[in-house]
Amino acid sequence: MNTAGHPESTARRGLELTPFRGLRYDPDRVGSLAAVTSPPYDVVVRPDGVHHLQDADPHNIVRLILPQADSPDARNEQAAKTLRRWLSEGVLTTDPEPGLYVYEQRDGEGMLQRGVIGALRVSEPSEGLVLPHEDVMPHVVADRAALMRATSANLEPLLLTYRGNGTAADTTSVIERTIEGPPLLATTTEDGFSHRLWSITDPADLARIQSDLTHRQALIADGHHRWATYRRLRAEHTGPSPWDYGLVLLVDTARYPLRVRAIHRLLHGVPVSEALAALDGLFRVRRLDVPLAEALETLADAACAGNAFLLAGDGAFHLVDGPDAALLARTVPTDRPTAWRTLDATVLHATLLAHVWHIPEDDPTRIAYIHDTAATVRKAERDGGTAVLMHPVREDVVRDLARQGVTMPRKSTSFGPKPASGLVLRTLDL
């Protein structure tokens, strides 16, 4: 019986989070901890963001998570050599004993997130323990798997959420007692977020967290491709193996709610005029000669009434809404719940990309997925393409669909704040 549609307490085995010996930068060997961190690999806007991070410090983690070379094999071998060199030079050092890690992020606007980083036993979706809510692109999974094989490491944690009981018990109580002590590291990155990390090595505290999590079920908030990679690599190894586990950050969103933002699309080689012309008679289109912030407010209002998108790239914004009902009936699959059929991402992928614009959703030469709104618009204007700006989905919609075993179109959501890459790594050789 698939437990995905049942509450967390009914998951048979529950989440199994294990301590590991974290691999961390020696602060005496790098310019600053902030200068060696990076957003997750899929958030970095390439190539601009890669170059910016590489210039920030010669030891920036981007050299491992997004190595630059002429071929995939060369990139992965370069990452492996870089990791080995940093280990031999003492740039990266291994903590003396296994532990779990409390990770805190805080911004200047009152956002506070705390969770636990550990090695989580990898499970299949059918087990109902770790629930995906988005589909993945096979070529991205293959790329991440090749990098992990080459480096024999989990280079950055993915973000999982669970719903605790909202009280300061079990995992939460250990977290909030741990943060009263001095952190292993503290830094503030250029986005204004402060980051702090503590280790938990006391056997009683570890046991309390592990016992609590055996009653929980997690939702993948960020990192579907990395979780799919963990599953692929686990399947490649027989018998007990370090590949049975993958690096994750677990956050109780009953205690520390996340932000949910949209992921935008950039259509390569499709001018805005061409994209708009194809919508004639199928969607309502209104030109908005307003700043980005005002255009996004208009999009939010329109999204309350139905499917809505913003197109940009020609110096203006174009609100696209009011899809033709017959078009939706003809193009949107009918074998899913209404909540899925009416998602903006569903209409974008099933109707606009597949039937109106004829753009394959998994062809990186035709379409890019970008988290930063302004950057998406800038790249469209610079490259002569079309930015498709989305309105975010509510977290409760995401979780409800995941519990029904229904995945959303790929890159439908952006949960955050995301853990910074480079604060703690896991090598599978130890």
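These remarks concern the structure in this document. Predicted model, so just to flag it, every value in this text is computed and none were measured.

Rules used in this analysis
- Residues numbered from 1 in each chain as written.
- Predicted model: local features only at pLDDT ≥ 70, side-chain atom pairs only at ≥ 80, totals over all residues.
- Heavy atoms only, no water.
- Buried < 20%, exposed > 50% of the residue type's maximum accessible area, 1.4 Å probe, protein only.
- Helix = DSSP H or I, 4+ residues; strand = E, 2+ residues; numbered from the N terminus.
- Pairing = 2+ DSSP bridges.
- Phe/Tyr/Trp six-rings, centres within 6.5 Å; stacked < 30°, edge-to-face > 60°.
- Lys NZ or Arg CZ within 6 Å of the ring centre and 35° of its normal.

Walk down a regular strand and you will see the side chains alternate between the two sheet faces. With 6 of 7 residues buried, strand 4 (residues 100-106) is to be regarded as a mostly interior element. Across 7 bridges, the pairing between strand 4 and strand 10 (residues 194-200) is antiparallel. Residue Val-102 lies in a different strand from strand 10, and its bridge partner there is Trp-198. Two elements, strand 4 and strand 5 (residues 112-121), share 6 bridges in a ladder whose sense is antiparallel. Looking at the pairing, Val-102 lines up with Val-116 of strand 5. Here strand 4 folds back onto strand 5 in antiparallel fashion, the turn holding 5 residues, of which Gly-110 has a positive phi close to 95°.

Looking now at the packing of aromatic side chains. Enumeration over the complete set of coordinates arrives at 3 aromatic pairs. Seen from their ring centres, Phe-20 and Tyr-101 are 5.3 Å apart, and the 55° between their planes marks the pair as tilted. With Phe-20 in the loop between strand 1 (17-18) and strand 2 (23-25) and Tyr-101 in strand 4, the pair connects residues that are 81 residues apart, well separated along the chain. By relative accessible area, which is 6% here, Phe-20 ends up buried. The aromatic ring of Tyr-41 is capped on one face by Arg-144, whose charged end is 4.0 Å from the ring centroid. The cationic tip of Arg-336 hangs over the ring face of Trp-340; the distance from NZ or CZ to the ring centre is 4.5 Å.

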